[in-house]
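Survey of secondary and tertiary structure
Each chain, written out:
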Amino acid sequence: MRQSELFTKTLRENPADEAAINARLLIRAGFIHKLQAGVYTYLPLGLRVLTKIEHIVREEMNAIGPSEMLMPALHPKEMWEKTGRWDSFDALFRLQSKEGSHYALGATHEEVLYSLLTHYIASYNDLPVKVYQIQTKFRDEPRAKSGLLRGREFRMKDLYSFHASDRERDDYYKKVTEAYQRIFERLGLTAVETQATGGTFSDRSLEFQVLSQAGEDTVALCSKCGYAANKELKEGREETCPQCGSGFTEERAIEIGNIFPLKETFARAFGLHFKDEKGKDHVVSAGCYGFGTSRAMGTIVEIHHDEKGIIWPENVAPYQVHLIEIKNQKSKIKNVGDKIYKELTGVGKEVLYDDREAVSAGEKFADADLIGIPTRVVISEATLAQNAAEVKQRNQTNATLVPLKKLR
Ligand SMILES: [Zn+2]
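Throughout what follows, the structure given in this document is the object of discussion. (Residues numbered from 1 in each chain as written. Predicted model: local features only at pLDDT ≥ 70, side-chain atom pairs only at ≥ 80, totals over all residues. Heavy atoms only, no water.)

All right, on to unusual backbone geometry then. The peptide bond linking L127 to P128 adopts the cis configuration, its omega dihedral lying at 0°. With respect to the helices and strands, the residue P128 is situated in the loop between α5 (110-117) and β7 (129-138). Backbone geometry places A358, a non-glycine residue, at a positive phi of 55°. Locating A358 in the fold gives a position in the loop between β20 (351-354) and α11 (361-371). Classification of A358 by relative accessible area gives exposed; the value is 86%. A positive phi angle, near 55°, is found at N387, a position not held by glycine. Here N387 is to be found in the loop between α12 (381-385) and β22 (388-393). (Helix = DSSP H or I, 4+ residues; strand = E, 2+ residues; numbered from the N terminus. Buried < 20%, exposed > 50% of the residue type's maximum accessible area, 1.4 Å probe, protein only.)

This paragraph deals with the sheet that holds strand β5 (residues 93-96). In spatial order, the strands read β4-β6-β5; together these three strands make up an open sheet with antiparallel pairing. Strands with a single pairing partner mark the edges of an open sheet, and in this sheet they are β4 (74-76) and β5. Averaged over all adjacent pairs, the angle separating strand axes in this sheet is 35°, with direction ignored. Judged from the three bridges that link them, β4 and strand β6 (residues 102-105) form a sheet pairing that is antiparallel. If you follow L74 over to β6, its bridge partner there is L105. (Pairing = 2+ DSSP bridges. Axes fitted to C-alpha atoms, helices over the stretch in contact; angles between N-to-C directions.)

Here we take up the pattern of salt bridges. Tallied over the full model, the rule gives 33 salt bridges. Ionic pairing is found between K231 and E250, a salt bridge with its closest N-O pair at 3.4 Å. With K231 in helix α7 (residues 231-234) and E250 in strand β13 (residues 248-261), the pair connects residues that are 19 residues apart, well separated along the chain. Of the residues examined, K231 reaches a relative accessible area of 18% and is grouped as buried. Because the salt bridges share partners, they merge into one network encompassing R12, D354, R356, K364 and D367. (Salt bridge = Lys/Arg side-chain N within 4 Å of Asp/Glu carboxyl O.)

Our focus in this paragraph is the coordination of the zinc ion. Each angle at a metal carrying four tetrahedral donors should ideally be 109.5 degrees, and each at a metal carrying six octahedral donors should ideally be 90 or 180 degrees. Distances from the zinc ion to its protein donors, namely C222 (SG), C225 (SG), C241 (SG) and C244 (SG), fall within the range 2.3 to 2.4 Å. Angles of 98 to 117° at the metal separate the four donor atoms of the zinc ion, which places the site in the tetrahedral class. The sequence motif formed by the donor residues of the zinc ion is C-x2-C-x15-C-x2-C. Taken together, the residues span a long stretch of sequence, with C222 in strand β11 (residues 217-222) and C244 in the loop between α7 and β13 at a distance of 22 residues. On the basis of relative accessible area, C244 is assigned to the partly exposed category, the value being 32%. (Donors = N, O, S within 2.8 Å, 3.2 Å for Na, K, Ca; no water. Tetrahedral: all angles 85-135°; square planar, octahedral: opposite > 155°, others 65-115°.)

Strand order in the open sheet formed by five strands is β20-β19-β21-β22-β23, with mixed pairing between adjacent strands. The open sheet has two edge strands, β20 and β23 (399-403), and neither has a second partner. Along the sheet, successive strands turn relative to each other by an average axial angle of 25°, direction set aside. Pairing between strand β19 (residues 321-325) and β20: four bridges, direction parallel. Within β20, the residue paired with I324 across the bridge is D354.

Evaluated as defined, the whole model comprises 13 aromatic pairs. Centre to centre, the rings of Y172 and Y289 are 6.0 Å apart; their planes meet at 85°, and the pair counts as edge-to-face. Of this pair, Y172 sits in helix α6 (residues 166-187) while Y289 is found in strand β16 (residues 285-292), placing the two residues 117 residues apart along the sequence. Using a relative accessible area of 3% as the deciding quantity, one classes Y172 as buried. Arranged with centres 5.3 Å apart and planes meeting at 45°, the rings of F184 and F291 form a pair that is tilted. One end of the pair, F184, is in helix α6; the other, F291, is in strand β16, with 107 residues separating them in the sequence. These aromatic residues form a ring-pair network of at least three members: Y114, F162, F266 and F270. The ring of Y173 carries the charged tip of R204 above its face, separated from the ring centre by 5.8 Å. (Phe/Tyr/Trp six-rings, centres within 6.5 Å; stacked < 30°, edge-to-face > 60°. Lys NZ or Arg CZ within 6 Å of the ring centre and 35° of its normal.)

If you want it as structure tokens, here you go:
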């Protein structure tokens, strides 16, 4: 991508209406644009990052067997009335059509999926069923002040699994837990597996919390054995670790993933039953596994940045290389920049090429630090005099001269 063709612009100042670091940096660097509180446009650079995160999530999901599909975002009211959540789900967006029909905007998809699966599950032979989607969700959040960490419209992967027994479901639960840890590792994040209550969905849940001051959750953490519990659950109960008896420390954290067994009420509401070998009826055993992909993007910025800007981990960076051409009016180095750009992209490197005219070297370097691409490659009269480029990693201070022919 030639930076001269990128319509977005960087900002030197923090936006006045954003307090969260992820929102400030992502807006200033031109990754997202705020439409209203909790609702953002993913600009070209931002969409590349989000797509990479979702690609990693998709790969790790596909590796544990579920099928991907896409469910609607517009749900009939009747479906949410069946589970009683039309009234009880606080953050549900409810709307009315011209003809007076009522709808919910998809905040989660148990209702749609259970109703769908009654058409496909009748016998133990039809189980297990594992499906997921990566989709835009809507929640009427009263507090949407944390950039991508809490959106009214946000991206999420939701996986659901249906089994003939709780034991099978719990086995799959473990597989998903392992897949989640692989996702976090590839995203450059460390997640603490945290015990919590399940809210409207479930009696218990396992949360994947990334420790960060920007988080809205408080996690009680045992430093000795690693046990962790969400403070909201723990309150008034355990003062010491139930596993080893040590004391807790408290840390702020961002919840990115959440997995839990689904209450039987969903299966009962929609009549999702199956017959066993003897023809006896049972309700299905189900699990739900959420992962906030846009929240992960905000979290990566909260964890990986410095005073100059974002420092993207290699796997999710919008581009691998930021090629910067520094030249004055009389310079003839234009062709050299173009040539290197073509060579690098020709061997499959993802390159953002700062070919902008009339932009100073200082501005180009400041933009590169703000945007945060892992490898910066600078060519100027000085480097070309040595038939070389200056190469610097975003997370390091020292640059090295690399001969042009070794750049690839
Ligand atoms: Zn412990």
